[in-house]
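# Tertiary structure, described
Take a look at the letters that make up each chain.
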Amino acid sequence: PGTRSADHHHGPTETAIYVVSGHPRFVFFDGTTEAVIETSPGDYVFVPPWVPHREENPSPMQESVVVIARSSQEAVVVNLPSLSGS
């Protein structure tokens, strides 16, 4: 609850996220501004390779549980100073 990841991308790796419980939020840089995806249990989010993003759980009380699958056996995480990379 009340947490967020650093701004990052996963290099050439595709990421698939399934929301089990809670209401996590996924924030992406769409080339101009931050785009926010609000999710609920049963939702699926796809993160293409090289896309800057972060995961957030804005709820101060409710835990969010997600299942994450990536297209690589390597744990590729490239932290960024911001979603826009600048």
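The following refers to the structure shown. The shown structure was predicted, so the numbers you read here are calculated from the model rather than taken from an experiment.

Assignment of secondary structure puts Thr13 in the loop between strand 2 (8-9) and strand 3 (15-21). The buried category is assigned to Thr13, whose relative accessible area is 3%. The residues contacting Thr13, other than those within four sequence positions of it, are Val47, Pro48, Pro49, Arg70, Ser71, Ser72 and Val76.

Moving on, we come to the sheet that holds strand 6 (residues 44-47). Taken in spatial order, the 3 strands of this open sheet run 6-3-8, and their pairing is antiparallel. Of all strands in the sheet, those with a lone pairing partner are strand 6 and strand 8 (65-70), marking the two edges. Neighbour-to-neighbour, the strand axes of this sheet turn through a mean angle of 20°, independent of strand direction. Alignment of strand 3 against strand 6, held across 4 bridges, turns out to be antiparallel. Paired with Ala16 across the two strands is Phe46, which belongs to strand 6.

Glancing now at the environment of Gly22. Along the chain, Gly22 turns up in the loop between strand 3 and strand 4 (25-29). What makes Gly22 buried here is its relative accessible area of 3%. Each C-alpha atom of the pair Gly22 and Gly2 lies 12 Å from the other, and the pair is 20 residues apart in sequence. Apart from residues no more than four positions distant in its own chain, Gly22 is found in contact with Thr39, Ser40, Pro41, Gln62, Glu63 and Ser64.

A word on the side chain of Thr39. In this structure, Thr39 sits in the loop between strand 5 (34-38) and strand 6. Exposure remark for Thr39: the relative accessible area of 4% places this residue in the buried category. The contacts of Thr39, once residues within four sequence positions are left out, are Val19, Gly22, His23, Pro24, Phe26 and Val45.

Conventions adopted
Residues numbered from 1 in each chain as written. Predicted model: local features only at pLDDT ≥ 70, side-chain atom pairs only at ≥ 80, totals over all residues. Heavy atoms only, no water. Helix = DSSP H or I, 4+ residues; strand = E, 2+ residues; numbered from the N terminus. Buried < 20%, exposed > 50% of the residue type's maximum accessible area, 1.4 Å probe, protein only. Contact = heavy atoms within 4.5 Å. Pairing = 2+ DSSP bridges. Axes fitted to C-alpha atoms, helices over the stretch in contact; angles between N-to-C directions.

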